[in-house]
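Take a look at the letters that make up each chain.
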Amino acid sequence: MDTTQQAGEPGAAERRRRELLEAADRVVLRDGPKASMNAIAAEAGITKPILYRHFGDKAGLYQALAVRHTDALLDSLRAALDAPAERRSRVESTLDTYLAAIEARPQVYRFLMHPAEDSHAAERGFDVGLHSAPLLRRLGEELAQVIGERVDLGPGGERLARIWGHGIVGMMHAAGDWWLGERPCERAELVAGLTDLLWGRLATAGNREDGPGF
């Protein structure tokens, strides 16, 4: 027998964890913030104690799902930022990538960012805000790194890149949350409006001589 198939092997454990996350994804897509550990365990065909053995509690499962979806989102955002296009087009594409991601999987977004109003009593202590804030900070730091590597912001540029990175993520999150809830306009109109808002100093800043350009 291939030893990677044995339950005690790291490869098998990692594969089983991935299968459980995929089961959790299916429940979250169906139930959004109301997704419960009971429902996820049932979807995976296991008991809740086994689910706890892998993730500890709902907060542990949330963190694992957040990393999974944040990694995928960051890969998409980096691809948009690195696309061979004029700078404004890349800014628009990056904003659109974020909005398209939350539009395509709104229940996942709501699970990650909004608590359920009628959470089960056993899970009522779960604080979404406690866990979603690090997710947004990670996005801000990643964007700050991209800006700092590409744009010449002069003295204090690294600090300014972090200000911009976190500010842009905050803007995307707030505007996207409002838009997803109310749908007051088409996505393209929101992207154009946000790009116009950003299109100040970024439009005139030069590229770093030692960077990949932006």
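This text goes with the structure placed above it.
These numbers come from a predicted model, not from an experiment. (Residues numbered from 1 in each chain as written. Predicted model: local features only at pLDDT ≥ 70, side-chain atom pairs only at ≥ 80, totals over all residues. Heavy atoms only, no water.)

(A) Focus on the nonpolar core. Ranked by size, the top nonpolar core spans 57 residues in total, and within it Leu51, Leu61, Leu95, Tyr98, Leu112, Ile147 and Leu153 carry the most contacts. A total of 10 residues in this core trace back to one element, the largest contributor, which is helix H8 (residues 157-182). (Core = buried A, V, L, I, M, F, W, Y, C linked by side-chain atoms within 4.5 Å. Buried < 20%, exposed > 50% of the residue type's maximum accessible area, 1.4 Å probe, protein only. Helix = DSSP H or I, 4+ residues; strand = E, 2+ residues; numbered from the N terminus.)

(B) Structural context of H8. In this model, H8 (26 residues) spans 37 Å end to end at C-alpha, consistent with the 38 Å of a helix rising 1.5 Å per residue. The first or second residue beyond H8 is arginine 183, which carries a positive phi of 45°. (Expected span 1.5 Å × (residues − 1).)

(C) Representation of helix H9 (residues 187-198). The end-to-end C-alpha separation of H9 is 17 Å, in line with the 16 Å expected for 12 residues at 1.5 Å each. Among the residues of H9, those classed as buried are Leu190, Val191, Leu194, Thr195 and Leu198. Angular distribution of buried residues about the axis of H9 spans 130°; they occupy a single face of the element. For H9, exposure combined with an orientation more than 90 degrees from the buried face picks out Ala188, Glu189 and Leu197. (Arc of directions from axis to C-beta.)

(D) Spatial organisation of the environment of arginine 26. When you line up the elements, arginine 26 lands in helix H1 (residues 10-31). Among the residues examined, arginine 26 registers a relative accessible area of 43% and is labelled partly exposed. Put simply, arginine 26 and valine 108 are 82 residues apart on the chain and 9.5 Å apart in space, counted from C-alpha to C-alpha.

(E) Molecular detail of the packing of helix H5 (residues 87-104) against H8. Between H5 and H8, whose axes approach to 10 Å, the crossing angle comes to 40°. Here H5 is positioned oblique relative to H8, judged by the angle of their axes. Of the two possible hands of crossing, H5 and H8 adopt the one that is right-handed. Residues Leu95, Tyr98, Leu99, Ile102 and Glu103 of H5 touch H8, and the partners they reach there are Met171, Met172, His173, Gly176, Trp179 and Leu180. (Axes fitted to C-alpha atoms, helices over the stretch in contact; angles between N-to-C directions. Parallel < 35°, antiparallel > 145°, perpendicular 65-115°, else oblique. Left-handed = near helix turned anticlockwise from the far one by under 90°. Contact = heavy atoms within 4.5 Å.)

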